[in-house]
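# Close look at the chain arrangement
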Amino acid sequence: MVRKIVERGESDDRDSSPDSTRASESSPLSRDESAEILTQDNAKPKEYDPNLWYIHGNSYDLHEFVDKHPGGRMALLTGRGRDCTALFESYHPWNEKHRKILRAYGAAPPPPEPFYEEIKAGVRAAFPGGCGSTKMRGLTCLGLSTAWAFMMYLFFVVATPVSCLLAGCLVATVGTRLAHEGGHWQMSEYELVNRVGMFLGFLIVGPSMCWYYQHVISHHVDTNQDGDAERDVDVEHIWIADKLPAWIKVLSLPGIFVGAVIEIGIKRLIVDILIRGHVGGHKVDYRLGGLLIEVPLWFLVHYFLGPSLLCYLCAYFTAGAIFVPCSQVAHVILYPDSQKHESWARMQIAESVDFASESDFWYHMAFGLTTQVEHHLFPGIGHHCYDQVRRITRGVCKKNNVYHADVSAATAFGALWTRLVAGTPMPQI
């Protein structure tokens, strides 16, 4: 996928945009002015022990707690063998129990960041029912499940190029929601429900652990950061794309749409998971998520039940035509050069954009993710709650002079088009 350019022009004055929600007059901190992100870079070991968890620069053996973890085994095991500071902070917004528990297994973690904690306090007040009250609503789950069944029928049973074109639209809008919300533990408080949702939602594209490593483990931890070993592979920079003439880029769009779906599925599986054993800078843990069971199962399903190659290309084309712009627009148009920020939470706000945040049409077309700022701050909270969280976040940002981008769909997709064709950042956003 095409990522941001490496250098930002001097004319990139985000605060001057008439379409931006200007929570303050300040812009993201510059590289020289900013501090390290949490303590990840301060004390990050060169090599991780595959059986330890690394949080705020300290290592912990949490194996005794795996079966006690309220969020399920897989959620906790996701952080094993890597720096999981961001996962530790972002998936526990409801209380401070996780800090108390961590103290029983090693060094006490530092106190919460005041800015992020202020947003969390607002979220707690808005949703007094806690974690369970923010999971996917029953009718939403029923509707998505019904649409998913129709998608499977079109792809595996009807299996014509036309039906697969339509199935691809559902892959982008329905399958993505199931895979995405299941992967972020948003569908249910029960681990199995989320795991099945992720598997079924991603079934046409690839084994769902490809998505999990790329998106949950890489992208949400290191959003738009590619200057260190654990870079964000969800919006990768393809440098040669910026060297091509604009007309070639436009003509290559169909190939980009199909190629992007292949990249996040079969390419991620074969090249990164099976051959390299790494997704970005994150080492693959083959014990996680039933990976070694899911991969052969996925191949068997597609070998015996899959349609023709043409049908795959048709489905991947329409899926990519929706998925690529709607998934990339909230991050690519910012074009950061791996800036560091005062904290992880401030980085997420600086490196994400809310767009068309009050539009029902774009909410469904962009698979529920028009409020990417709030999603990155609270990935475990259901999409339907983000509009309320957005208002809380904006208020805290305004109070603390932190820039919060909220732009129209026209501005956001116009910036994405400029990025693709001109290879340069939009002067104002």
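Scroll up to find the structure this text is about.
These notes cover the structure that comes with them. (Residues numbered from 1 in each chain as written. Predicted model: local features only at pLDDT ≥ 70, side-chain atom pairs only at ≥ 80, totals over all residues. Heavy atoms only, no water.)

The next thing to look at is the overall build of the chain. Broken down by element type, the chain carries 17 helices and six strands. Per-residue burial over the chain gives 55% buried out of 429 residues. In the chain, 74% of the contacts between residues at least 6 apart in sequence involve partners at least 24 apart. A total accessible area of about 17600 Å² is found for the chain, and carbon and sulfur atoms account for 63% of it. (Helix = DSSP H or I, 4+ residues; strand = E, 2+ residues; numbered from the N terminus. Buried < 20%, exposed > 50% of the residue type's maximum accessible area, 1.4 Å probe, protein only. Contact = heavy atoms within 4.5 Å. Areas by Shrake-Rupley, 256 points an atom, 1.4 Å probe, with all protein chains shown as cover.)

Topologically, Gly-289 is positioned in the loop between strand S4 (282-283) and helix H11 (291-305). Along the backbone, Gly-289 and Tyr-212 are 77 residues apart, and their C-alpha atoms lie at a distance of 9.3 Å. Sequence-distant contacts of Gly-289, defined by excluding residues within four places in its chain, comprise Met-74, Arg-195 and Met-209.

Once that is clear, we can look at the packing of aromatic side chains. A full pass over the atoms with the stated rule returns 17 aromatic pairs. Their ring planes at 45 degrees and their centres at 6.0 Å tell us that Tyr-116 and Trp-344 sit as a pair that is tilted. Here Trp-344 lies in helix H13 (residues 344-350) and Tyr-116 lies in helix H4 (residues 114-126), a separation of 228 residues in the sequence. The exposure classification of Tyr-116 matches that of Trp-344, with both residues buried. With a centroid separation of 6.0 Å and 75 degrees between ring planes, the pair formed by Tyr-312 and Tyr-316 is classed as edge-to-face. Of this pair, Tyr-312 and Tyr-316 both sit in helix H12 (residues 309-332), separated by four residues, roughly a single helical turn. Each member of the pair Tyr-312 and Tyr-316 is classed as buried. (Phe/Tyr/Trp six-rings, centres within 6.5 Å; stacked < 30°, edge-to-face > 60°.)

This part covers the packing of helix H7 (residues 191-201) against helix H8 (residues 208-219). Two elements in contact, H7 and H8, have axes whose closest approach is 8 Å; the angle formed by their N-to-C orientations is 105 degrees. The orientation of H7 relative to H8 falls into the category roughly perpendicular. Here Arg-195, Met-198 and Phe-199 of H7 lie close against H8, whose contacting residues are Ser-208, Met-209, Trp-211 and Tyr-212. Classifying every residue of the contact of H7 with H8 gives five nonpolar, one polar and one charged. (Axes fitted to C-alpha atoms, helices over the stretch in contact; angles between N-to-C directions. Parallel < 35°, antiparallel > 145°, perpendicular 65-115°, else oblique. Nonpolar A, V, L, I, M, F, W, Y, C, P; charged D, E, K, R; others polar.)

On to a nonpolar patch on the surface. A grouping of Ile-270, Val-271, Leu-274, Ile-275, Tyr-286, Leu-292 and Phe-299 is seen on the molecular surface, where their side chains present a nonpolar patch of about 630 Å² in accessible area. The element that contributes the greatest number of residues to the nonpolar patch is helix H10 (residues 253-276), accounting for four residues. Note that Tyr-286 resides in the loop between S4 and H11. Relative accessible area serves as the criterion here: at 33%, Tyr-286 is assigned to the partly exposed category. (Patch = residues over 30% accessible without salt bridge, like charges linked within 9 Å, V, L, I, M, F, W, Y side chains within 5 Å. Salt bridge = Lys/Arg side-chain N within 4 Å of Asp/Glu carboxyl O.)

The sharpest bend along H12 comes to roughly 30 degrees, located at Gly-320. The buried fraction of H12 is high, at 19 of 24 residues. (Bend = angle between axes of the 7 residues up to and from the residue.)

Inspection of every chain in the model, using the stated rule, returns 22 salt bridges. Its salt-bridge partner being Arg-268, residue Asp-272 comes within 2.6 Å of it at the nearest N-O pair. Of the two residues, Asp-272 and Arg-268 both sit in helix H10, four residues apart, roughly one turn of that helix. On the accessibility criterion, Asp-272 (5% relative accessible area) is buried.

Let's shift gears to unusual backbone geometry. If you check the backbone angles, Ala-356 has positive phi at about 45 degrees while not being a glycine. The topology assignment puts Ala-356 in the loop between strand S5 (354-355) and helix H14 (360-365). Owing to a relative accessible area of 12%, Ala-356 belongs among the buried residues under this scheme. Look at Phe-367: it is not a glycine, yet its phi comes out positive at around 45 degrees. For Phe-367, the location among the structural elements is in the loop between H14 and helix H15 (372-377). Residue classification places Phe-367 among the buried residues on the basis of a relative accessible area of 3%.

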